[in-house]
Amino acid sequence: MSTPLPDAVAGLSAPRESPLRVTTRDLPAADESLAATPPPAASLPAALPDEVPGLVLADGPGDGRATGTGELLDVLAPTTGERLLRVEDTSPDLARDIASAVAATSRTDWAWLSAEDRARFCFAVSDVLAGHVRALAVTAALTTGRPLAAGFTLDAPAAHAAAFSAAGWADKLEAVGAAHRPGGGVVVLLTTWRTSAADALSAVVAALATGCGVVLRARPAAAATARQFVRLFEEAGLPPGLVRSAPGADAAADAALWSHPDLVAVRADGSAEDLRGVGVALARRGTPLLHRVDAPHVDVVLTGADLEEVATALVQAAIGGAHERPGGSRVLAERTVVDALVARTAPVVARLRTGHPLDRATAVGPVPTPHLARAAREVLDATAGLPAGLPAGGWWAPPGLATVGRHSAWPPPGPVVGVRSIRSAADALPHLAGAGSVTVWGGELGTEVPAPPDPRRDALDLVRACRG
């Protein structure tokens, strides 16, 4: 069933369109005739929506509070490569003060509430989320290149479901082996361009359910989204200052947070290299670290697979790109089906509409980082160029499938799906080392494989990590 969403955030001007609705994305049919049709030129908005300057382009502190003088960090627009906004880097002293203030608010205004009252406030977050859908989608489109259509049709319902599910733990803590913290505390959520709204909201609401406050340690590209989350939680009626933003990338400020006496747990995602230092710092004091490493998703396609179903999933993987699979998309297909699968999928992927993320018709926007865009283009340079009509600047890469040799490197995260031929199901096993999640099509591998990430499961893990 479709759920109506508001056409604009209250008080902000926006282009008028038909009312937004949450719907299931209809993927292009795997029709070979599409290969003969040239890709459409991507249309770019003549001007950014009126809401953007006040929504994203405001320089300064992430939560509207005075931060003193910090270095201004540039956030570049993926669509042009030019500066989109500047983020004030939170200093170590200020980071420590913010964490102390959040801990004090949790003790005086939050942790002493009954489980039922905390649950009521947490459920209010999911209730008011609909009013922030456009703000979050536009922010993600401009700062990370996530297409607006995906923000409305995929991210919004996923965020609502994750926030609603996490809120349910507030009055069930003992049933899951946790307990609320009457003395409050601080949970730090380290967010990057990879952090989806569903992941962030589930983590914040889960921390609130235990009686803790939250500091959003947002890297520069995620700072504007963190600003929106702070507004969202205050609008939901939570005590002001219970959720605050401390944007920046200063290692000394990170260290000040990791060593804070009121720190209860940390939730983070990123590359293994990024998270290694965080894990080492927290291990010294025994603080739980819940993390999601940028590990690849692997599809194993065996002889008995329904190739139409697999092709649809691979098209979705190319559409989601680095946003949905920051570790990349890899396919291991048995030799008997690999040619048919590529022939069925490649023309559809090549025809995905690539364009400006604010264009509602865009399926694939720019790649979130310039080095990922360069690497993806190097993989596909021999077979495809950039679709016509895209701007000269920015971090663009054409969507496509790349055939990968047995000992060749896999394509980088982005709109490129790598396909490697294997002899049998047993031949797939050595290639699964380091995979974050695995989907097996048309058979069994005879071994346990990691499941796809689930914000609801992550929220439960965080609730248990916050127990007193």
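I will try to describe carefully the structure that is included in this document. All values reported here derive from a predicted model rather than from experimental measurement.

1. A closer look at the sheet that holds strand β11 (residues 329-334)
- Pairing within the open sheet is parallel, and its 5 strands lie in the order β12-β13-β11-β10-β14. Strands at the two margins of the open sheet, each flanked by one partner only, are β12 (400-403) and β14 (437-441). Each adjacent strand pair in this sheet contributes to an overall mean axis angle of 20 degrees, direction not counted.
- Note: β12 against strand β13 (residues 416-422), 4 bridges, orientation parallel. Bridging from a neighbouring strand, A402 pairs with G418 of β13.

2. Digging into the packing of helix α3 (residues 115-128) against helix α6 (residues 197-209)
- Two elements in contact, α3 and α6, have axes whose closest approach is 10 Å; the angle formed by their N-to-C orientations is 165 degrees. As the angle between them shows, α3 and α6 are arranged roughly antiparallel. Judged by the twist between their axes, the crossing of α3 over α6 is right-handed. Facing α3, whose interface residues are R118, C122 and V125, α6 presents V205, L208 and A209.
- When the residues that make up the contact of α3 with α6 are grouped by side-chain class, the tally is 5 nonpolar, no polar and 1 charged.

3. Considerations on the packing of helix α4 (residues 133-144) against helix α5 (residues 148-167)
- Where α4 meets α5, the axes come as close as 9 Å, and the angle between the chain directions of the two elements is 130 degrees. By the angle between their axes, α4 is oblique relative to α5. Every pair of crossing elements has a handedness; the one defined by α4 and α5 is right-handed. In this structure, α4 uses V133, R134, A137 and V138 to contact α5, whose residues at the interface are L148, G151, F152 and A156.

About the thresholds
Residues numbered from 1 in each chain as written. Predicted model: local features only at pLDDT ≥ 70, side-chain atom pairs only at ≥ 80, totals over all residues. Heavy atoms only, no water. Pairing = 2+ DSSP bridges. Helix = DSSP H or I, 4+ residues; strand = E, 2+ residues; numbered from the N terminus. Axes fitted to C-alpha atoms, helices over the stretch in contact; angles between N-to-C directions. Parallel < 35°, antiparallel > 145°, perpendicular 65-115°, else oblique. Left-handed = near helix turned anticlockwise from the far one by under 90°. Contact = heavy atoms within 4.5 Å. Nonpolar A, V, L, I, M, F, W, Y, C, P; charged D, E, K, R; others polar.

Just distances and angles here, no functional claims.
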